[in-house]
Amino acid sequence: MILPVAVLLGLALRGAACAGDHLHTRDAHVHEHLNKREYPQVPITPPYRPLVWGDFNVIHTTDTHGWLLGHQKLSFPEPDYSGDLGDFASFVTHMKNIAIEKDVDLLLVDSGDLHDGTGLSDGYPPGGVDAHESNKFLERLPYDVMTIGNHELYIYADTYDMYTNFVPHLGGRYLSSNVNITVFNSDGEPESVPVGNRFTKFTTRKGRRITSLGVLYDFTGNDVNTTVQTVADMVNEQWFAEAIAEEPDVFVLIGHMPVSFDNWPTVFDAVRAVHPLTPILIFGGHSHIRDCQQYDSRSMALESGRYMETIGWMSADLEAATGNANNISFTRRYLDQNRVTYEYHAQMSNQTFDTAYGRSITDGLQELAVSFDLSYLYGTSPQDYTINQNPYPSNGSLLSLFIADVRPVFPETLITYAFIRLFHTLSPLTTRVIPSQPYITNSGSQRFNVFQGPFTKNDQLTASPFTDSFLYISNVSFSIANQVLPALNNAGADEKRKRDEIEKELWSRGVVDTRYKAWLEEMDRRAGIGRREATAGNLTLGYVTADSCPGAGDDTLHLALPYYSVPDFIGSNPPNVADDTPIDLVFVDFIEAQLLGILNGLQNAQNYTTADVSLYSPTLANAALGLYAQGVWN
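Computed from a predicted structure; not experimentally measured. (Residues numbered from 1 in each chain as written. Predicted model: local features only at pLDDT ≥ 70, side-chain atom pairs only at ≥ 80, totals over all residues. Heavy atoms only, no water.)

> Which parts of the structure should I look at to understand the nonpolar core?
Across soluble globular proteins, you tend to see nonpolar side chains buried next to one another. Core analysis: the biggest nonpolar cluster contains 84 residues, and Leu 85 and Phe 88 have the highest contact counts within it. In terms of residues, this core owes the most to one element, helix H2 (residues 85-102), which gives eight residues. If we ignore the near neighbours within four places in the chain, the residues touching Phe 88 are Ile 59, Thr 61, Leu 108, Leu 141, Tyr 143, Ile 311 and Tyr 342. Counting 24 residues, the second largest nonpolar core, distinct from the first, contains Phe 56, Val 109, Val 145 and Leu 302. (Core = buried A, V, L, I, M, F, W, Y, C linked by side-chain atoms within 4.5 Å. Buried < 20%, exposed > 50% of the residue type's maximum accessible area, 1.4 Å probe, protein only. Helix = DSSP H or I, 4+ residues; strand = E, 2+ residues; numbered from the N terminus. Contact = heavy atoms within 4.5 Å.)

Structure (structure tokens):
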């Protein structure tokens with residue numbers, strides 16, 4: 001859709017002013033880090049073996065989501081990921097020097113999602129644009145190729161900021177093969193153009209000819225005046241055929257798309273149809289997991305986690321496979337993102353590791369954190385509260401805390417993403433008293449753990465980031481409202497099909513929780529209680545990866561994170577009121593369509609539409625934990 005010029009300009013200006021007002025389906029997380037540590041404050045397990053170098057090597061990042069100062073809490077596994085972007089920059093510098101000494105190639109690539117996740121990206125003052133300031137530090141790293149993610153597309157102002165301010169720094173190496181933005185051309189007319197380049201070709205230090213694409217999965221949640229073409233349609237474009245026609249020494253394909261259960265095979269097969277033997281290296285993202293696939297014996301596809309927790313490594317011996325059809329020797333590794341890892345592989349000590357360049361990035365990020373007031377203290381958490389590492393319900397469950405403690409203290413604030421609540425308070429925008437009622441919430445409404453210690457502005461954004469508005473439908477009888485929780489959690493065949501359809505829709509709009517949590521659950525299942533106890537020793541909690549590529553991928557040995565599943569929706573006990581008692585059904589704007597469908601499926605006395613929905617409260621959903629911490633944790 002292309003809007004009139006005046007409207008397009010208005011959208012850009014409005015987006016710049018209001019980009020911080022709503023995060024949509026974003027995985028928003030924030031860290032606490034104002035005082036740079038010279039070394040981790042707790043013992044961190046080092047890697048147990050050196051990296052394997054080939055004649056062609058790649059360092060990979062993806063889904064960093066603004067975590068540029070790393071994870072700074074002391075409860076494991078957070079210290080495993082306690083490096084910052086300055087540490088990483090120093091690591092890249094040292095690894096580039098090692099590559100020169102070994103006389104091999106080393107590339108640095110990124111698979112997208114720079115926005116939405118921490119105070120550094122999202123904590124900007126009114127009038128700012130998400131990640132505008134934090135991205136300035138990523139610009140300083142020597143990325144060979146980067147690509148766009150779905151989180152660059154939720155708000156037009158963010159996309160436009162990337163197009164005008166970030167993309168030019170990559171010199172044609174920021175790729176958006178199937179993503180366009182509508183901008184004004186030189187004649188002042190709206191025109192749809194690629195956000196970055198469709199593809200790029202370049203030559204490495206060792207003279208290897210590279211062809212790269214940058215692909216986004218079939219994302220549908222993009223803002224107006226941005227366009228995402230399906231992957232299947234993209235590979236049939238004339239420009240695509242022309243881009244891959246000339247055979248390079250190696251294809252380096254990057255994209256914000258999982259390497260398993262998505263459309264990389266579509267791209268791979270299109271390239272293979274033209275070049276059956278050319279080496280293909282793929283670097284994916286989006287699902288937040290560590291994963292690896294080999295689509296044939298002369299290719300490898302790597303996905304390197306999320307949130308500056310994981311740094312990916314791939315090596316390949318290309319020379320031995322030149323001029324023949326032999327299998328290519330690949331290795332891959334998932335590095336924990338911390339100084340211990342970096343110093344081990346860079347063969348440096350804590351005294352020699354830092355570079356002036358890396359240190360300047362760390363200092364600049366710290367200054368940005370101060371300017372955004374990210375250390376503002378709400379209170380001090382007495383313990384860790386986790387979403388899936390403790391059972392629900394339990395004293396260590398964040399969901400239990402949210403339901404049992406936070407809600408009674410600040411009842412009017414507690415509706416978050418996919419959250420329904422039957423309020424028992426005086427409705428803020430009405431004068432009618434609502435009788436005592438239970439409430440229901442999606443277990444995904446809390447998106448990150450709360451850790452013992454200071455609970456800051458950063459931590460509030462980490463655990464409960466969604467700035468959703470509260471809506472309500474009035475005068476729903478309790479007998480109907482009381483069926484909402486069972487309906488949402490119903491596992492019957494018909495309901496499962498509906499939920500699968502909803503999950504597919506949420507995936508297309510950018511929600512990755514289901515796939516990431518399934519990965520964690522499988523990790524916990526493989527470990528098992530007995531095996532976990534037997535292998536514990538001195539190991540700390542962390543990722544224990546099993547992927548589809550040969551050998552072990554994890555760079556550091558860990559004890560698998562425990563995982564406890566929770567219902568999709570949870571709720572308090574229903575009150576003792578008559579079935580015909582009218583109540584207000586309160587929810588957030590994100591799930592309006594789903595909720596209306598559920599209500600209409602539970603009864604036929606009324607056909608509920610958007611006309612029955614009203615704004616319930618001016619309070620936004622992300623305020624609850626901060627208010628609770630101010631009132632209770634002081």
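> Is there a simple way to think about the pairing of strand S10 (residues 250-256) in this case?
Consecutive residues of a regular strand have side chains that alternate between opposite faces of the sheet. For S10, the tally of buried residues reaches seven of seven residues, placing the bulk of the element in the interior. The alternating pattern of S10 places Val 250, Val 252, Ile 254 and His 256 and Phe 251, Leu 253 and Gly 255 on opposite faces, both of which are buried. Two elements, strand S8 (residues 209-216) and S10, share seven bridges in a ladder whose sense is parallel. Bridging across to S10, Leu 213 finds its partner in Leu 253. Pairing analysis gives four bridges linking S10 to strand S11 (residues 280-284), with the strands arranged parallel. Residue pairing for S11: Phe 251 is matched across the bridge by Ile 280. (Pairing = 2+ DSSP bridges.)

> Can you walk me through the pattern of salt bridges in this structure?
Any two side chains of opposite charge can pair if their charged atoms end up close together. Applying the stated criterion to the full structure yields 22 salt bridges. Here Arg 208 ties to Glu 319 by a salt bridge, and the two come within 3.4 Å at their closest N and O atoms. Residue Arg 208 is found in the loop between strand S7 (199-203) and S8, and its partner Glu 319 is found in the loop between strand S14 (310-317) and strand S15 (329-336); the two are separated by 111 residues along the sequence. Judged by relative accessible area, Arg 208 falls into the buried class, the value being 10%. By relative accessible area, which is 54% here, Glu 319 ends up exposed. Of the charged contacts, one joins Arg 306 and Glu 309 as a salt bridge, the two residues approaching to 3.4 Å between their closest N and O atoms. Each of Asp 55, Asp 105, Arg 208 and Glu 319 takes part in a single network of salt bridges with overlapping partners. (Salt bridge = Lys/Arg side-chain N within 4 Å of Asp/Glu carboxyl O.)

> Please explain the sheet that holds strand S9 (residues 226-228) as it appears in this structure.
Whether parallel or antiparallel, the strands of a sheet pair through hydrogen bonds between backbone atoms. In space, the three strands of this open sheet follow the order S6-S5-S9, with antiparallel pairing throughout. Each end of this open sheet is capped by a strand with a single partner; those strands are strand S6 (190-194) and S9. The average angle at which neighbouring strand axes cross in this sheet is 25°, direction not considered. In the packing of helix H5 (residues 156-166) onto the sheet, contacts are made with strand S5 (179-184), S6 and S9, and the angle to S5 comes to roughly 85°. (Axes fitted to C-alpha atoms, helices over the stretch in contact; angles between N-to-C directions.)

> Just checking my understanding: could you explain helix H7 (residues 238-245) for this structure?
Each α-helix turn comprises 3.6 residues. Residues three or four places apart therefore point the same way. Residues of H7 that are buried: Trp 239, Phe 240, Ala 243 and Ile 244. Across the axial projection of H7, the buried residues extend over an arc of 120°, all falling on one side. Opposite its buried face, H7 presents the exposed residues Gln 238 and Glu 242, each directed more than 90 degrees away. Buried residues along H7 sit in contact with S7, S8, helix H6 (231-234), S10 and helix H8 (264-274). (Arc of directions from axis to C-beta.)

> Hey, could you run me through the state of the cysteines in this one?
Linking two cysteines covalently via their sulfur atoms produces the bond known as a disulfide. Overall, the coordinates contain one disulfide when judged by the stated rule. Between the sulfur atoms of Cys 292 and its disulfide partner Cys 549 the distance amounts to 2.1 Å. Residues Cys 292 and Cys 549 are joined through a disulfide that is left-handed, its torsion about the S-S bond being -80°. Of the two residues, Cys 292 is situated in strand S12 (residues 290-293) and Cys 549 in the loop between strand S21 (541-542) and strand S22 (559-560); the sequence distance between them amounts to 257 residues. The same class applies to Cys 292 as to Cys 549, namely buried. (Disulfide = S-S within 2.5 Å.)

> Mind showing me how you'd approach the environment of Ala 241 here?
Within the secondary structure layout, Ala 241 lies in helix H7. When its relative accessible area of 38% is taken as the criterion, Ala 241 is described as partly exposed. For the pair Ala 241 and Val 274, spaced 33 residues apart in sequence, the C-alpha separation works out to 9.0 Å.

> I would appreciate a short explanation of empty space enclosed by the protein in the present structure.
Any empty space left between atoms is shown by rolling a water-sized probe over those atoms. Counting across every chain of the model gives three cavities of 30 Å³ or more. Its volume calculated, the largest cavity comes out at about 370 Å³. Around the largest cavity sit 26 residues that line it, and Arg 306, Phe 448, Asn 449, Tyr 516 and Leu 520 are the ones nearest its centre. Split by residue class, the lining of the largest cavity holds 13 nonpolar, six polar and seven charged. (1 Å grid on protein atoms, 1.4 Å probe; cavity = no way out; pocket = protein on both sides within 12 Å on 5 of 7 lines; lining within 4 Å. Points joined across faces, edges and corners; volume = space filled by probe spheres on them. Nonpolar A, V, L, I, M, F, W, Y, C, P; charged D, E, K, R; others polar.)

> Can you walk me through the sheet that holds strand S3 (residues 145-147) in this structure?
Strand order in the open sheet formed by six strands is S4-S3-S2-S1-S14-S15, with mixed pairing between adjacent strands. Two strands lie at the open edges of the sheet, namely strand S4 (174-175) and S15, each paired on one side alone. The pairing of strand S2 (residues 105-110) with S3 spans two bridges and is classified as parallel. In the sheet register, Asp 110 faces S3, and the bridge partner there is Met 146. Across the sheet, H2 touches strand S1 (56-61), S2, S14 and S15, and the angle it forms with S2 is around 155°.

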